[in-house]
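Coordinates in review
This is what each chain is made of:
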Amino acid sequence: MKQLLSFVIKEFHHVFRDRKTLLMLFGLPIAQIILFGFALTNEIKNAKIIVVDYAKDAASRQIIDKIEASKYFDVENSLSSHEEIEAAFKEGKIKMAIVFPLNFYEDLSRTNKAQLQVIADASDINTATTLTNYISSIVMDYQNSLTRGIKPPFQIQTEVRMLYNPQLKGEHTFIPGMMAMIMLLICVMMTAISIVREKELGTMEILLVSPFKPIMVIASKFVPYLLISLVNITSILLLSTYFLKLPVQGSIFLLYAVSLVFIITSLFLGLLISIKSESQQTAMFISLMATMLPTLLLSGFMFPIENMPLPLRVISNIVPSKWFYIIVKSIMIKGSGFQTIWKETLILFGMAVALLLISLRNFKIRLA
Amino acid sequence: MSAPVIYTNKLTKRFGDFVAAKELSFEVPAGEIFGFLGANGAGKTTAMRMLCGLWVPSSGEATVAGFDIYHEREKIKRNIGYMSQKFSLYEDLTVFENIKFYAGIYGLTNAQIKEKSQALLHQLDLEKESGHLVSSLPLGWRQKLSFSVAVIHEPRIVFLDEPTGGVDPVTRRQFWDLIYDAANKGITVFVTTHYMDEAEYCDRISIMVDGVIEALDSPSNLKTKYGVDSMDEVFRQLARSAKRSE
């Protein structure tokens, strides 16, 4: 036990002496979240738009007033003809243009039908979609105020409720993805590199010749990175609760317990990579390929898996972060309990066991 | 000192069809400095790795410190020290932290570690550098420190795998003083090298060619036997027959 302790202390020395690694380990998650909180948001405020109002009547006035009153839009200026619109877009100052045709109010009051043109800059798809949605709902709102008191003969109202994320905030998908990414980075890459470094230095040989058991060498490599990961989860959760105002809906205890399973899976993956690679560079490269890419592409974090072709959907099943992502999302946002996530947890657990068995087998082969 | 500290009989290691070490049979008595010579790829490292318990032999028998190398590897590990050609210290730890770490994994108590490290730092004249990072030490000092750490738990045998690579002759000579010191304390020294001047410092040497021990005797006996003046020439005569290249 004392041997293990002196080994773990030594590992902490390695981590804390290396400023660059330290900065990455603790700074990266915090920096990412703060950046995200400030800069990366799907909500668009004060988008500049222009209005071409040929109608200049009561209805167009009222709608323009409504648009101006909303926090989403700044009506930049009103142009007299729509030939000027394209020039304004090309200048890049405006995000959207709205054109009211002649006789807008007359059409509306006589035929009950009026048209309104909305032109958006779709070179930025997300912004364009979001802004047109905002405009549609403003127009809808106006329309409802007109028809108040009058009951149309047939009416189907679709009442949309965005469950768990009513404001459609991006943080909800970002935080779970972020947690998966950070933990993979620390547990897989740092563990693999630190084991391979002992091989490169030749210290691994000395350790293997000593009475210290190989399994203990590995255990003492795991301890520091496991603790650092837990610290990082805590800092991510604190930031998400107090900075992004996104508290955990489900049980915190369950979230930590499941994260522990994911951490262990990642540690074993790091171990396997370290056994297979001879240099720190190789270990780093394999770790990045095995963690970053699949997490970005195949975990559902960036791109929905349901829309992928079958082969990719099948492959996505062996990506541990996919399962972790599903679990964290359920616990954090839906407040799900263990009964809804036990399957995913079991899969992660199975992956951990499989990775451990493969690692131990390869480790023995190396020694023989 | 009746039983030999190292005893091997027809010890063999095969990798597939390749025989890395073939039927090695020799004995090393306690307190001896035993040199293990050979060109690169001759099988020195293979033999040493089997004796240290890193590799399992394919056939043959051997005991180290009286323990069987098949079944009592854990006991062997407690009784040997090992220093590799890379000097294997942690550069981002201080001198003292390195000593403490290696003493710690051999299970020395805190009191023992304190006493041992003081004696060691005094002997190496490193007291002032105790709190410095190993990366700031010159190579020669690292090498001496690495050796002292390898024998900190007072093993019966210490294995040195090409311990003087890349070090200048003066430092090498100083290093051998440390080895003599250890041998005088009764520690058996098993050293591989390809520096022939170092071979002269050994009590007995064995020369491996293509996985086989071609010669085993004291340096002076070997020189007489082959009718030459230096170990270098003995080695060249033997190595001429080698078929394996690096």
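Residues numbered from 1 in each chain as written. Chains lettered and ligands numbered in written order. Predicted model: local features only at pLDDT ≥ 70, side-chain atom pairs only at ≥ 80, totals over all residues. Heavy atoms only, no water.

Residues and elements named next belong to chain B. For chain B, the assigned domains are domain 1 (1-79 + 156-246) and domain 2 (89-154). In this complex, domain 1 contributes 17 residues to the contact, which on the side of domain 2 involves 13 residues. Interface of domain 1 and domain 2: buried area, both sides summed, is about 1,100 Å²; carbon and sulfur atoms make up 68% of it. The largest per-residue losses of area from domain 1 upon contact with domain 2 belong to Val-158, Phe-175 and Leu-178, which jointly make up 37% of the total buried on that side. Seen at the junction of domain 1 and domain 2, the total is zero salt bridges. (Domains from an automatic or database assignment. Contact = heavy atoms within 4.5 Å. Buried area = accessible area lost by both parts, 1.4 Å probe. Salt bridge = Lys/Arg side-chain N within 4 Å of Asp/Glu carboxyl O.)

Before going further, it helps to spend a moment on unusual backbone geometry. Look at Lys-56 of chain A: it is not a glycine, yet its phi comes out positive at around 50°. By the element assignment, Lys-56 of chain A lies in the loop between strand S1 (47-53) and helix H3 (58-69). For Glu-154 of chain B, which is not a glycine, the phi torsion comes out positive at approximately 50°. By the secondary structure assignment, Glu-154 of chain B is in the loop between helix H5 (139-150) and strand S7 (157-161). (Helix = DSSP H or I, 4+ residues; strand = E, 2+ residues; numbered from the N terminus.)

Moving on to a negative patch on the surface. Residue and element names in this part refer to chain A. Taken together, the side chains of Asp-65, Glu-68, Asp-74 and Glu-76 present a region of like negative charge at the surface. Listing elements by their share of the negative patch, those giving two or more residues are H3 and strand S2 (73-79). Judged by relative accessible area, Asp-65 falls into the partly exposed class, the value being 41%. (Patch = residues over 30% accessible without salt bridge, like charges linked within 9 Å, V, L, I, M, F, W, Y side chains within 5 Å. Areas by Shrake-Rupley, 256 points an atom, 1.4 Å probe, with all protein chains shown as cover. Lys, Arg positive; Asp, Glu negative; His and termini not counted. Charge placed at Lys NZ, Arg CZ, Asp CG, Glu CD. Buried < 20%, exposed > 50% of the residue type's maximum accessible area, 1.4 Å probe, protein only.)

Right, let's talk about the state of the cysteines for a bit. All names here are of chain B. Tallying each qualifying case throughout the model produces zero disulfides over all chains. Take Cys-202: it sits in no disulfide, and the sulfur closest to it among the cysteines is that of Cys-52, at 16 Å. On the basis of relative accessible area, Cys-202 is assigned to the buried category, the value being 5%. (Disulfide = S-S within 2.5 Å.)

The next subject is the packing of aromatic side chains. All told, the structure shown has 22 aromatic pairs over all chains when counted by the stated rule. Between Tyr-90 of chain B and Tyr-102 of chain B the ring centres are 6.1 Å apart and the planes differ by 20°, which places this aromatic pair in the stacked class. On the criterion of sequence distance, the pair formed by Tyr-90 of chain B in the loop between strand S6 (80-83) and helix H3 (95-105) and Tyr-102 of chain B in helix H3 is long-range, its members being twelve residues apart. Tyr-102 of chain B shares its class with Tyr-90 of chain B; the two are buried. Residues Phe-159 of chain B and Phe-190 of chain B carry aromatic rings whose centres are separated by 5.2 Å and whose planes lie at 55° to one another, so their mutual orientation is tilted. With Phe-159 of chain B in strand S7 and Phe-190 of chain B in strand S8 (residues 188-193), this residue pair connects regions lying 31 residues apart in the sequence. We note that Phe-159 of chain B, like Phe-190 of chain B, is buried. Members of the aromatic cluster, connected to one another through ring pairs, are Phe-7 and Phe-212 of chain A together with Tyr-90, Phe-101 and Tyr-102 of chain B. Above the ring of Tyr-201 of chain B, the side-chain terminus of Arg-173 of chain B is found at 4.5 Å from the ring centroid. (Phe/Tyr/Trp six-rings, centres within 6.5 Å; stacked < 30°, edge-to-face > 60°. Lys NZ or Arg CZ within 6 Å of the ring centre and 35° of its normal.)

What follows is about H3 of chain B. Within H3 of chain B, nine of the eleven residues are buried, which leaves the element mostly enclosed by the surrounding structure. If you check which residues of H3 of chain B are buried, you get Val-95, Glu-97, Asn-98, Ile-99, Phe-101, Tyr-102, Ala-103, Gly-104 and Ile-105 of chain B.

Here we come to the sheet that holds S2 of chain A. Residues and elements named next belong to chain A. Ordered by their spatial adjacency, four strands build an open sheet running S2-S1-S3-S4, and the pairing between neighbours is mixed. Of all strands in the sheet, those bounded by a partner on one side alone are S2 and strand S4 (117-120). The mean angle between the axes of side-by-side strands here comes to 25°, regardless of whether they run parallel or antiparallel. Here S1 pairs with S2 via five bridges, running parallel. Bridge pairing in S2 places Ala-47 opposite Phe-73. Sheet strands in contact with H3 are S1, S2 and strand S3 (96-100), and its direction is about 175° off that of S1. (Pairing = 2+ DSSP bridges. Axes fitted to C-alpha atoms, helices over the stretch in contact; angles between N-to-C directions.)

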